[in-house]
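Chain and residue survey
One-letter residues, chain by chain:
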Amino acid sequence: MSFYENQHRARRNTSLLVAYFVAAVVLIVVAVNAAIYIALAMISTVKFMTPLQWVQSGPCWLIALGTVVVIAGGSLFRLAQLSKGGLAVALMAGGTPIDPNTRNLQERTLINITEEMAIASGTRVPRIFILRDEPGINAFVAGTEPGNTVLAVTQGTLDTLTRDELQGVIGHEFSHILNGDMGLNVRLIGILAGILLIGQIGEFLLRSQRHRSSRNSKNGGQLAVLGLALMAIGYVGLFFGRLIKAAISRQREFLADASSVQFTRNPDGIAGALYAIGAHSGHSNLMNRHAEDMSHMCFGETLKVRMSGMLATHPPIDERIKAIDPQLMPRLKARWQKRQAGAVSAGEAPTPATAVGPNAAGFAGAAATAASGNFGATSRVNAAQAGAIKASVGTPTPAHAEFAHQLHQAIPPELHAAAHDPAQADVLLYALLFTEMRSHGQESLALIGSQRDDAGAREAARLYGVVKQSDPALRLPLLEITLATLRTLGAAQQDRVVALCDQLIRIDSKVTLSEFIISYLVRRALQPAPRHNRAIKSFSTIESSLALLFSAIVQSSGESRERQQQNFQQIMQSYSGADWSQALASMPTPKQLTTALDLLTQLTPLLKQPVIDACVDCVLHDNKATLRELEVLRAVCEALECPMPPLQVTLRQ
């Protein structure tokens, strides 16, 4: 199943979730009414009304209305709490953000693995949190959009798993991002909060009733009946909430496990992590009071469940391991026994991926050829390679993972340090922006000095020199790491960075597509726009936006005017019968492109595919491409929330 199909399936599951929710509310209303009716009938000293009379009575409908109000109120309240996306979920779970500049070896290893996964998949680097008070082995990703994604890992995961096993877990979580599960998981927490609230109210009332009955046993029989009714009220919500989560999440876990193996080409990694959950004393349980709320979104079960065959949000550990490889279990058991005996450290954490080693100064093998050269060097691209580029969206391979590891290792230490330092990350961002600008002389440095300080301007000039001497293929990964660090700053600081970037690209009164794309990615990362719930399901309403995007890419190709017109008309005829040639009269303004990309982002996943394919065709119209063109293509894909892995194209000098 392709990336676009997975995203479409996730949206369809959201509609399914609403249907489940409505059905559950109806059944809960019926169950609550039935429980209260039976309790009242049994404790009544006179003949009670018949079921038909009860259904037609005022109390029945008041109880129904009250139940609906409680459920709706609980859901709306929790959805409002989670409106900030992944950050709200991480804080709810008791997470502590990792300092991007940490020197803790475990945390450094986690950051390195996460950054490599993000580079390999073409997604944004998520903010990373640690659940320090959780000894169990677990992890989750959360967020409503790419700009507010977080990855949270328990302390038990870092203390127990090896690097390969941790990589398997992170690969599993990234597959949830690529498969479109992340946003659904957050919405599921909010929507089910009202249903679970019924259960929480019922449990509270039941405990109160038991305490009261222990002091007064005169009406023990009647109180027991009322207690039974309260128990039904309490657990009916919990039952339906669990049933909905189990129906949606179980098969997704198998898919995420398989995707992790496909991504890392290391079944032992994720299978070892799963086996460790079964063998570990803390298993994967969470101690946080919101463990029930988050049970569907974590790597493993967050709490023990009765009727686990029907209500568990995750398949049994043995089944998940057998689905990866039926022959793995004996090997995993032997390895764990050796680890427990001390042959392998339980807290094993190999040298971080950024450590300086034999390959740190350059790339090895195919990776060296793929990334070497300069932005002006061209590469011949045949039809098969073009098809592979299109198919790579949202489907990273082990080759991409290896290439991303090589890219990550090749980042010069001072750039790596600046990208992870909240005090220097903005300066590195300006240096990266300089590489796309036609001119960045004293006027640009003076602007940075006036908005930041003179020391920042001098550092930006120095880092620009280092960036220019480094491989151009490192620039987009560096940008993503830098933006992840900048997202840890306060809102006011982020606003200043966005404003200064906009001023810098306009300093010569001309904005190139490369400059605009970086500025757009910065804005989307640090100032995410409000999400539009209405999906665009037809190209007919956005023909002008398509024309603006395609014209910008075509005009940046460097081809002759005649070839540009031919390329543009060939692309547009698939989307419109109108003549949009006037779009080539001038380069679209940043405001026009921003509006166009914001609209195109709202396309349904299956409609995004032909748009991305058309962007690839625009770039490869002449069957050749520069690294700059390919990196702009990747950035456009990211802007449209269709992550494209790093492109491994051999460049000719």
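Scroll up to find the structure.
Let us look at the structure shown here. (Residues numbered from 1 in each chain as written. Predicted model: local features only at pLDDT ≥ 70, side-chain atom pairs only at ≥ 80, totals over all residues. Heavy atoms only, no water.)

This brings us to the environment of alanine 535. For alanine 535, the position within the fold is in the loop between helix 23 (513–526) and helix 24 (543–555). Taking the relative accessible area as the measure of exposure, alanine 535 reaches 21% and is therefore partly exposed. As for alanine 535 and leucine 603, which are separated by 68 residues in sequence, their C-alpha atoms are 5.8 Å apart. With near-sequence residues (within four places) excluded, alanine 535 lies in contact with Arg11, Gln602 and Thr604. (Helix = DSSP H or I, 4+ residues; strand = E, 2+ residues; numbered from the N terminus. Buried < 20%, exposed > 50% of the residue type's maximum accessible area, 1.4 Å probe, protein only. Contact = heavy atoms within 4.5 Å.)

The space that makes up the second largest pocket amounts to roughly 480 Å³. Lining the second largest pocket we find 24 residues, and of these Thr512, Leu513, Gln555, Ser556 and Met587 sit closest to its centre. Of all the secondary-structure elements, those providing two or more residues to the lining of the second largest pocket are helix 23, helix 24 and helix 28 (627–639). It is helix 28 that provides the largest number of residues to the lining of the second largest pocket, a total of five residues. In terms of residue class, the lining of the second largest pocket is made up of eleven nonpolar, eight polar and five charged. (1 Å grid on protein atoms, 1.4 Å probe; cavity = no way out; pocket = protein on both sides within 12 Å on 5 of 7 lines; lining within 4 Å. Points joined across faces, edges and corners; volume = space filled by probe spheres on them. Nonpolar A, V, L, I, M, F, W, Y, C, P; charged D, E, K, R; others polar.)

Next up on the list: a nonpolar patch on the surface. On the surface, Val18, Val22, Val26 and Val30 cluster together to form a nonpolar patch covering roughly 330 Å² of accessible area. Relative to the helices and strands, valine 30 is located in helix 1 (residues 3–43). For valine 30, a relative accessible area of 52% gives the class exposed. (Patch = residues over 30% accessible without salt bridge, like charges linked within 9 Å, V, L, I, M, F, W, Y side chains within 5 Å. Areas by Shrake-Rupley, 256 points an atom, 1.4 Å probe, with all protein chains shown as cover. Salt bridge = Lys/Arg side-chain N within 4 Å of Asp/Glu carboxyl O.)

Moving on, we come to the sheet that holds strand 1 (residues 96–97). Ordered in space as 1-2-4-3, the four strands form an open sheet in which the pairing is mixed. Taken across any chain shown, the strands that pair with only one partner, and hence form the sheet edges, are strand 1 and strand 3 (139–142). In this sheet, strand 4 (residues 150–154) lies alongside strand 3 in antiparallel orientation, the contact comprising four bridges. Residue pairing in the sheet places valine 141 in a bridge with leucine 151 of strand 4. The sheet contacts of helix 5 (residues 105–121) involve strand 2 (127–131) and strand 4, and relative to strand 2 the element is tilted by about 140 degrees. The strands touched by helix 7 (residues 163–178) within the sheet are strand 3 and strand 4, with strand 3 carrying the most contacts at an inclination of about 25 degrees. (Pairing = 2+ DSSP bridges. Axes fitted to C-alpha atoms, helices over the stretch in contact; angles between N-to-C directions.)

With that settled, the discussion passes to the side chain of arginine 487. Inspection of the secondary structure assignment puts arginine 487 in the loop between helix 21 (475–486) and helix 22 (491–505). Glutamate 480 provides the closest opposite charge to the buried, salt-bridge-free arginine 487, at an N-O distance of 5.5 Å. Among residues more than four places away in sequence, those in contact with arginine 487 are Arg124, Val125, Arg127, Gly147, Gln494, Ala525 and Leu526. (Lys, Arg positive; Asp, Glu negative; His and termini not counted.)

With that settled, the discussion passes to empty space enclosed by the protein. In total, this model carries seven cavities of 30 Å³ or more according to the counting rule given. In this structure, the largest cavity occupies an estimated 190 Å³ of space. The wall of the largest cavity is formed by 16 residues, among which Glu436, Arg475, Leu476, Ile518 and Glu631 lie closest to the centre. Where the lining of the largest cavity is concerned, the elements lending two or more residues are helix 21, helix 23 and helix 28. Its residues assigned to classes, the lining of the largest cavity comprises ten nonpolar, two polar and four charged. Every residue lining the second largest cavity is counted, 15 residues in all, and those nearest its centre are Pro100, Pro126, Arg127, Ile128 and Ala484. Only helix 5, strand 2 and helix 21 provide two or more residues apiece to the lining of the second largest cavity.

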